[in-house]
Structure formats: structure tokens, C-alpha cells
Amino acid sequence: MKKTVIIGAGILGASVGYELAKQGAQVTIVDREDSGQATKAAAGIICPWISQRRNKRWYRLAMEGARYYPALVEELQASGECNTGYKKVGAISPHNNIDKLEAMVKRTLKRKEDAPEIGDVTILSEQESKRLFPPLADGYQSVYVSGAARVDGWALRNSLLSAAQKLDAIFLQTDCSLLMENGTVIGIKTAHETILADEVIITAGVWANELLQPLKLAIDLSFQKGQIIHLQMPEVNSDDWPVVMPPHDQYILSLNGNRIVIGATHENDEALDYRLTMGGMKEIMEKALLFAPGLLNSTFLEAKVGFRPFTADFLPIFGRIPGQDSVIFANGLGASGLTMGPYLGQQLAKLALDKELDIPAADYALDEFISEK
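Residues numbered from 1 in each chain as written. Predicted model: local features only at pLDDT ≥ 70, side-chain atom pairs only at ≥ 80, totals over all residues. Heavy atoms only, no water.

Re the overall build of the protein chain
In terms of helices and strands, the protein chain carries 9 helices and 22 strands. Taken over the C-alpha trace, the protein chain has a radius of gyration of 21 Å; the compact-globule value for 373 residues is 21 Å, and the two agree within 12%. Projected onto the principal axes, the alpha-carbon positions of the protein chain cover approximately 70 × 45 × 40 Å. Looking at the protein chain as a whole, 55% of its 373 residues are labelled buried. By sequence separation, contacts in the protein chain at least 24 residues apart represent 74% of the contacts at least 6 residues apart. For the protein chain, the distance from the average position of its 37 positive side-chain charges to the average position of its 46 negative side-chain charges is 2 Å. (Helix = DSSP H or I, 4+ residues; strand = E, 2+ residues; numbered from the N terminus. Rg over C-alpha atoms; globule rule 2.2 N^0.38 Å. Buried < 20%, exposed > 50% of the residue type's maximum accessible area, 1.4 Å probe, protein only. Contact = heavy atoms within 4.5 Å. Lys, Arg positive; Asp, Glu negative; His and termini not counted. Charge placed at Lys NZ, Arg CZ, Asp CG, Glu CD.)

Re a nonpolar patch on the surface
Where nonpolar side chains cluster on the molecular surface, the patch consists of Met285, Leu289, Leu296 and Phe300 and spans about 380 Å² of accessible area. With a relative accessible area of 66%, leucine 296 lands in the exposed category. (Patch = residues over 30% accessible without salt bridge, like charges linked within 9 Å, V, L, I, M, F, W, Y side chains within 5 Å. Areas by Shrake-Rupley, 256 points an atom, 1.4 Å probe, with all protein chains shown as cover. Salt bridge = Lys/Arg side-chain N within 4 Å of Asp/Glu carboxyl O.)

Notes on the sheet that holds strand S3 (residues 43–46)
With antiparallel pairing, 3 strands are arranged side by side in an open sheet as S3-S8-S4. The sheet terminates laterally at S3 and strand S4 (86–88), the two strands that pair on one side only. Neighbour-to-neighbour, the strand axes of this sheet turn through a mean angle of 20°, independent of strand direction. In this sheet, strand S8 (residues 149–152) lies alongside S4 in antiparallel orientation, the contact comprising 3 bridges. Paired with lysine 87 across the two strands is arginine 150, which belongs to S8. Against the sheet, helix H3 (residues 56–78) makes contact with S3, S4 and S8, and its axis sits at roughly 115° relative to S4, the strand it touches most. (Pairing = 2+ DSSP bridges. Axes fitted to C-alpha atoms, helices over the stretch in contact; angles between N-to-C directions.)

Quick look at the pattern of salt bridges
Between side chains of opposite charge, pairing is possible as soon as their charged atoms come close. Evaluation of the coordinates by the stated rule reveals 25 salt bridges. Between glutamate 75 and lysine 22 there is a salt bridge, with the nearest N and O atoms lying 3.0 Å from each other. Taken together, the residues span a long stretch of sequence, with glutamate 75 in helix H3 and lysine 22 in helix H1 (residues 11–22) at a distance of 53 residues. The class for lysine 22 is partly exposed, based on a relative accessible area of 32%. Among the ionic pairs, glutamate 64 bridges to arginine 67, the shortest N-O distance being 3.4 Å. On the criterion of helical spacing, the pair formed by glutamate 64 and arginine 67 is a turn pair, its members being 3 residues apart in helix H3.

Quick notes on the sheet that holds strand S13 (residues 199–202)
Sheets are built from strands that pair by backbone hydrogen bonding, the pairs being arranged parallel or antiparallel. Within the open sheet, the 6 strands sit side by side as S9-S2-S1-S13-S21-S20. Their pairing is mixed. Two strands bound the open sheet, and with one partner strand each, they are strand S9 (170–173) and strand S20 (317–321). If you compare each strand with its neighbour and ignore which way they point, the axes differ by 20° on average. Strands S13, S20 and strand S21 (324–331) of the sheet are contacted by helix H9 (residues 337–352), whose axis makes an angle of about 20° with S20.

Digging into the packing of aromatic side chains
Any aromatic ring pair is given by two values, namely how distant the centres are and how the planes are angled relative to each other. Scanning all chains against the criterion turns up 9 aromatic pairs. Between the aromatic rings of tryptophan 58 and tyrosine 59, the centroid separation amounts to 6.5 Å while the plane-to-plane angle is 45°, which identifies the pairing as tilted. Given a relative accessible area of 6%, tryptophan 58 falls into the buried group. Considering the side-chain rings of tyrosine 274 and phenylalanine 307, the 5.2 Å spacing of their centres and the 80° angle between planes classify their relative orientation as edge-to-face. Of this pair, tyrosine 274 sits in the loop between strand S18 (259–263) and helix H8 (278–291) while phenylalanine 307 sits in strand S19 (residues 299–310), placing them 33 residues apart in sequence. What makes tyrosine 274 partly exposed here is its relative accessible area of 41%. Lying across the ring of tyrosine 59, arginine 111 places its NZ or CZ 4.2 Å from the centre. (Phe/Tyr/Trp six-rings, centres within 6.5 Å; stacked < 30°, edge-to-face > 60°. Lys NZ or Arg CZ within 6 Å of the ring centre and 35° of its normal.)

Description of H3
Between its first and last C-alpha, H3 extends 34 Å over 23 residues, near the 33 Å set by a 1.5 Å rise per residue. Its axis deflected by about 35° at tyrosine 69, H3 carries its strongest bend there, up to four residues before the proline proline 70. With a side-chain oxygen lying 2.9 Å from the backbone nitrogen of arginine 57, the N-terminal cap of H3 falls on asparagine 55. Of the residues flanking the end of H3, it is glycine 80, one or two places downstream, whose phi is positive at about 100°. (Expected span 1.5 Å × (residues − 1). Bend = angle between axes of the 7 residues up to and from the residue. Polar contact = N/O pair within 3.5 Å; in protein donor to acceptor, adjacent residues only side chain to side chain.)

Written out as C-alpha cells, the structure reads:
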């Protein structure tokens, strides 16, 4: 039985842990639960198919990630995890330019040839759009994609951890560092114990480079701060509203309990700034109200901050650390973390168990991002 330790229990780490436990590995998942974890703040849109991004490597992971969700959620529910945070509600992308809507439909239908899970793709009238999403501004038609879904990142992460623990995985909320012997990683050490491992998998988001210091290595990573707002409309049932994807960089979606999520910002700061700012709140509200003025009378519930890790080419990276065959590193999922995370976690589990991957690992290799310190 292979002994594995996973450092970092966001969506990626929790997904790896669940998959390894399912495959019979001995699994320990460690997380110090830092403020600003991307997964804890995230509400996800599972609808990569209408994106205009042309990077085939990105789209491959996003498409496979979206395809993977229904089977994963069914598994989790079968194991007793009822609150996965995932629900297929469809998505609308509103616009007042019919040419752009028609181009979106054409692009999405082309992708449907390889992704039938996209479902129906149609242009809705202004009235049909407002029927699905009542707060929508006047004057907007929309493209509707029936196969789209939403996901509450923290609920899904907790479901994955719980399901893994039912399979005898251990979850520790603590800080840790790599355990070395003769220059080789052999496990981890916490304040209270040492844990030996055949594989150490680092999925620690924007804090991952701290763990590589004993190896005198660093991965070229940056981050984006995202602020996000949760609202609720009095006496309105928003649980089944579709995800709203306007033609700017923010979104609107609903979560269980009639929560409405608006955001998030994309702030490229030099240092981790955990503050909720007036500027961030103003940007989110203005962009939301531009397309959904019906939210004006909603109740403010809370706001959150999360930090998304990015690489220079905005693609995830993963693989074994050079010179450390027992250490796997994965990072850089960025704003697509909830779409890609569970599927990439499955692939990392295959890598750890020396199984063949379903994607070309060379397309997401670490090599060009590693430097010596």
C-alpha cells in the first residue's frame, strides 16, 4: 500500500486525496487553513465551452474538467455526501449585440461536437432571459447553455475530504515542512510528529514555494487577489437561477440557501493583501448592477477574499520535482481552479500511482518554471 502525503487541501489537494484513497493508497492530507485560500472564497462556473480563449492546452483541461463533474458528484452522493455544492442550472450570457450572440452560439456548437455534455445552445429573447434570471436589465438577449453548472468550492472540498476520510484517509489541520534524509524527501514533519511517505504531493496554492525552501528551489508563480460578495434578495427563491456570464470579467450565480454571488475582482498585487477594500466592492457592485439592476434592493450578507495562483502562461503546471522522484508538485490553476481541479486531481493520483495519464503531461511540465535559490 503506497503511503502518500498531500500538502494543501484546496479543491486540488482534496480531489487528489479522495482519488488516492479510493484507489487504496494510505493517505494523509495536511492543511494549515490559511486565510485567503482560493477554494474557500470561490464560487465556480462550470461552463468553459463559450470561452473565447484559444489556448488548446487550457481548453483541454477545462473541457475534461467539466465532463468529469457529474460522475464525481454521483460518486460522492453514493458515499453519503449530499452537500457537494454542485448543481446543473444552465448558464446565460447576455449581450445587446445579436452578431456577438450568434458568434457565441456558433463557437459553442462547434465545441459540442467533442463535448455533447454542453446540452442545448440557444439564443433567448429578452423576455425569456428575464424569466430565467429576473434581475436582468432590460434590452439584453442571451445565449443559453443548458449543460452549465455552478459549484460552491468550499462545500465540494469538504465533501471530498469527508469521502476520503470514510476511506480511511487522515486529515490534519496543521503546518508542516518537508522531511529530508541525505538530500531526499522522505515525508513531512509537523510540530508534533513525523510522517514518512512514498509520495509527497504539494498542492498548496500561493504558499507552495515556502515548502520548497529546503530543496533550494522555487517555482515561478504569481497570484491574483479576488474579492467576492454574497447577497440575498428578500422573499425570492434564487436557488435555480442560471449562472450569468456577462461580457466582462465578472459573473453572477446563486448558491443553496438563496445566496447570490457577485464578483470577483482580478487584482494583481505585489504582496498578499487580505483586506476587503472599498475599491474592490465598488467594482463588483457596479459591474453586477450594470447587467442586473434588479439586485439593487438585495441584502448584503458577506464578502470574501481569495488568492488565485497563476503561472506566466496562465496554464496549470504539474509533475515530479527534478531530483526528487518522490515529490509531485501541482499549481497555477488560476481562475479555472474549480472547473479543472477535480479532474486534475484524478490525473495527479494516477501519476502518484504510476498509472498512465489521460492527458499529455508534457503540456503542463514544471521544467521552465523551476529555478534554484
